[in-house]
Amino acid sequence: MTAAPATVPGSGSGSGPRIEGRAGFGNVISSEWMKIRTVRSTFWTLVTLFAGSALITLLICLAAANSYAKDLAAGKPDSADIVLVGLAFVGQIAAYVLGVMAISAEYSTGGIRTTLTAMPRRTEILVAKAILLAVMVFVVGLATAFLCFYLGNIPLRAKDVGVDLSYPGATRGIFGSALYLSGLAVFGLAMGFLLRHTAGAITIGLALIFIIGNLVQLIPGSVGRWLYKVMPGNAGSQVTSFGESNRHPDKAFAPWTGFTVFAIEVVVLLIVGALLFEKRDA
Amino acid sequence: MIRAVGLTKRYGDKLAVDHADFAVEAGTVTGFLGPNGAGKSTTMRMILGLDRPTGGGVTVDGKPYRNLPVPLREVGALLDAKAVHGGRTAYNHLACLAKSNGIPLRRVDEVIGLVGLEQVAKKRSQGFSLGMGQRLGIAAALLGDPGTLLFDEPVNGLDPEGILWVRNLMKSLAAQGRTVFVSSHLMSEMALTADRVIVIGRGRIKADTTMREFIAQNATTHVRVRSPHIGKLRELMVAQGWRTEAAPDDEGAVEVFEVSSEAVGDLAGEHGLWLHELAVVQPSLEEAFMSMTADSVEYHAGALEGSAVGGGEAQR
């Protein structure tokens, strides 16, 4: 490595730099898009979301095809959305982790200070990250949902109990899964902005979705039932389930009502995150 | 031009920066000196809008940092060379920054060439040495060709060639009429680089002046004299009422204060004493700095007393 001559090409006139316009939201979007694309963790998280969800779906459907066919023959309420089952495990976790990492990695490396020196209008950074994550995870989530639907159907078709896209709520469930994962990524982003710590944000968020979301059922009476319905994972995932009629209104929201509740929760969390982001020292 | 007025930052009940007023002028390299914990980094973070002042304010070319329309075109900063995502290549790191301010990507190649990182531009920065990281940070600071530059400890981890390069770079940036504000704890380096000094101690601005004046006001010149008859000569000097001190590095030499070298030489000559050395010693920035901040060092290093070691021994 050799030292270059100590001269600075550019304006160098001594009259200071030329200023052209104002760095706007478009610049922030293109910068944040490049930031998301140029770290390996993004790629591997999305690969995990896609391939992991597909693989788990295939394995569970293979294992469950027999009993699924028997239940159907016995006239029990069916659970056709088993063809998306992988998304509910690997997909949710990957989408949430991706959202957390989009900001917590900047805090853990200290890169946030470089980011904010280049662009001190902080809310624009937060909004740009949220939009990019939402779109990216929706696209990958939709592709994954279709792949799961196809793969999960292979063992079911072998038993003559395949699920068609014409099945009630199937199309809604597929697009809803992509939307739900997209919302989870933004939920993760908001938690990352609030906690500024990768492990903390991942632990609390996943506990909220997978553990606390179920534990609140133990609270007796209508309070417990209400809490169970509004917990983000429970409310948001209603839009991913097939079937329109066999839903118990005490236990779950209708699909789009649930997703709306979830979306409001995510937006509120994001607004709190933005307020703290503006106020806190970096 | 950076101007701070009543700039204050409080963490809990500790005042990190206490009503600081100073101005960093264009066309000069201004050194920012202070002991560890004096408030240098906090001040720099407030200039860059990273930390919010508790009171007062600071502007760059008349505007608070957060209101700069295209920040990188006006201010370039090297705060912490390790504050980058190590998984990104050097080129991509700079390109992300360039895009956020609408700077054309050919400028990324320019600054990479300027700091001499061409060979590792496509490598991920987590494998970089401290010196390479420092060069990457300097490249980022130069990206927008800004009129104001802030460097926090820029020569950390650089080899002698790199240190010389940074020194010349800062001087040439200032010579082009830019504002250059550099913090460092390396006094010898600052003495060679900076034209002006701002000294901070315990959050307060202790001095804001030229390097020459600062040294003149805070340290004294002395005369160093070495002689084979040093004992006799010292007695004579003390008899004259001069203040003398044994030279720390040489038993045959003495330092004499507030006297001219002529007076010392004449005194020796009158008594027929040989001199092997007679020199006027200019004080260093380091001496001036130490005498000024002696009372405002936040973390004093205790002398390593024998008793502390002895205490450990006694417990066995």
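As the structure is a computational prediction, the values presented were derived from the model and not from experiment. (Residues numbered from 1 in each chain as written. Chains lettered and ligands numbered in written order. Predicted model: local features only at pLDDT ≥ 70, side-chain atom pairs only at ≥ 80, totals over all residues. Heavy atoms only, no water.)

(A) Expanded view of the overall build of chain A. Within chain A, the secondary structure is distributed over 10 helices and 0 strands. By principal-axis analysis of the C-alpha atoms, chain A measures approximately 85 × 45 × 30 Å. Among the 282 residues that make up chain A, the fraction classed as buried is 50%. Intrachain contacts of chain A at a sequence separation of at least 6 include 78% that bridge at least 24 residues. When the accessible surface of chain A is summed, it comes to about 12500 Å², and 69% of that surface belongs to carbon and sulfur atoms. If the 21 positive side-chain charges of chain A are averaged to one point and the 14 negative ones to another, these points end up 6 Å apart. (Helix = DSSP H or I, 4+ residues; strand = E, 2+ residues; numbered from the N terminus. Buried < 20%, exposed > 50% of the residue type's maximum accessible area, 1.4 Å probe, protein only. Contact = heavy atoms within 4.5 Å. Areas by Shrake-Rupley, 256 points an atom, 1.4 Å probe, with all protein chains shown as cover. Lys, Arg positive; Asp, Glu negative; His and termini not counted. Charge placed at Lys NZ, Arg CZ, Asp CG, Glu CD.)

(B) Local environment of the nonpolar core. Within the largest apolar cluster, 99 residues are counted, with the highest numbers of intra-cluster contacts made by A:Leu84, B:Leu150 and B:Phe181. Excluding residues that lie within four positions of it along the chain, A:Leu84 makes contacts with A:Thr57, A:Ala145, A:Cys148, A:Phe149, A:Gly173, A:Ile174, A:Ser177, A:Thr240 and A:Phe242. Within the second largest apolar cluster, 59 residues are counted, among which are B:Leu97, B:Leu158, B:Phe214 and B:Ala288. (Core = buried A, V, L, I, M, F, W, Y, C linked by side-chain atoms within 4.5 Å.)

(C) Structural view of the interface of chain B and chain A. Facing 55 residues of chain B, the contacting portion of chain A comprises 49 residues. Carbon and sulfur atoms make up 55% of the surface buried where chain B meets chain A, a total of about 4300 Å² over both sides. Broken down residue by residue, the surface that chain B buries against chain A is led by B:Leu50, B:Arg66 and B:Arg73, which jointly contribute 14%. There are 3 salt bridges connecting chain B and chain A. B:Asp80 serves as the salt-bridge partner of A:Arg113, at 3.4 Å between the closest nitrogen and oxygen. Counting across the chain B and chain A interface gives 17 residue pairs in polar contact (both at pLDDT 80 or more). Secondary structure elements with two or more residues in the side of chain B that touches chain A: strand E1 (2–11), helix H2 (71–74), helix H3 (90–100), helix H4 (106–115), helix H5 (130–142) and helix H6 (160–175) of chain B. Counting residues per element, the side of chain B that touches chain A draws most heavily on H3(B), at 7 residues. Here the side of chain B that touches chain A is built from residues that sort into 22 nonpolar, 15 polar and 18 charged. (Buried area = accessible area lost by both parts, 1.4 Å probe. Salt bridge = Lys/Arg side-chain N within 4 Å of Asp/Glu carboxyl O. Polar contact = N/O pair within 3.5 Å; in protein donor to acceptor, adjacent residues only side chain to side chain. Nonpolar A, V, L, I, M, F, W, Y, C, P; charged D, E, K, R; others polar.)

(D) Structural detail: the side chain of B:Thr43. Residues and elements named next belong to chain B. Among the secondary structure elements, Thr43 is positioned in helix H1 (residues 40–47). Of the polar contacts made by the side chain of Thr43, one reaches the backbone oxygen of Gly39; its length is 2.6 Å. Apart from residues no more than four positions distant in its own chain, Thr43 is found in contact with Leu7, Val17, Phe22, Phe32 and Ile200.

(E) Examining a nonpolar patch on the surface more closely. Residues and elements named next belong to chain A. Together, Phe25, Val127, Ile131, Val135 and Val139 give the surface a local cluster of nonpolar side chains, amounting to about 390 Å² of exposed area. Ranked by residue count, the leading element in the nonpolar patch is helix H5 (residues 122–158), at 4 residues. Mapping Ile131 onto the fold places it in helix H5. By relative accessible area, Ile131 is classed as partly exposed at 39%. (Patch = residues over 30% accessible without salt bridge, like charges linked within 9 Å, V, L, I, M, F, W, Y side chains within 5 Å.)

(F) Just the sheet that holds strand E13 (residues 277–281) of chain B, in detail. All names here are of chain B. With antiparallel pairing, 4 strands are arranged side by side in an open sheet as E11-E12-E10-E13. The outermost strands of the open sheet, each flanked by one partner alone, are strand E11 (243–246) and E13. Across the sheet, the mean angle from the axis of one strand to that of its neighbour is 25°, orientation sign disregarded. Looking at chain direction, strand E10 (residues 222–226) and E13 are connected through 5 bridges and run antiparallel. Bridging across to E13, Val225 finds its partner in Leu278. Relative to the sheet, helix H10 (residues 261–270) contacts E10, strand E12 (253–257) and E13, its axis offset from that of E13 by approximately 160°. (Pairing = 2+ DSSP bridges. Axes fitted to C-alpha atoms, helices over the stretch in contact; angles between N-to-C directions.)

(G) Here's a closer look at helix H9 (residues 230–239) of chain B. All names here are of chain B. Those residues of H9 that sit buried are Ile230, Leu233, Leu236 and Met237. One side of H9 carries all its buried residues, which in axial view fall inside an arc of 125°. In H9, those exposed residues whose orientation departs by more than 90 degrees from the buried face are Glu235 and Ala239. Gly241 occupies a position one or two residues after H9 and carries a positive phi of about 85°. (Arc of directions from axis to C-beta.)

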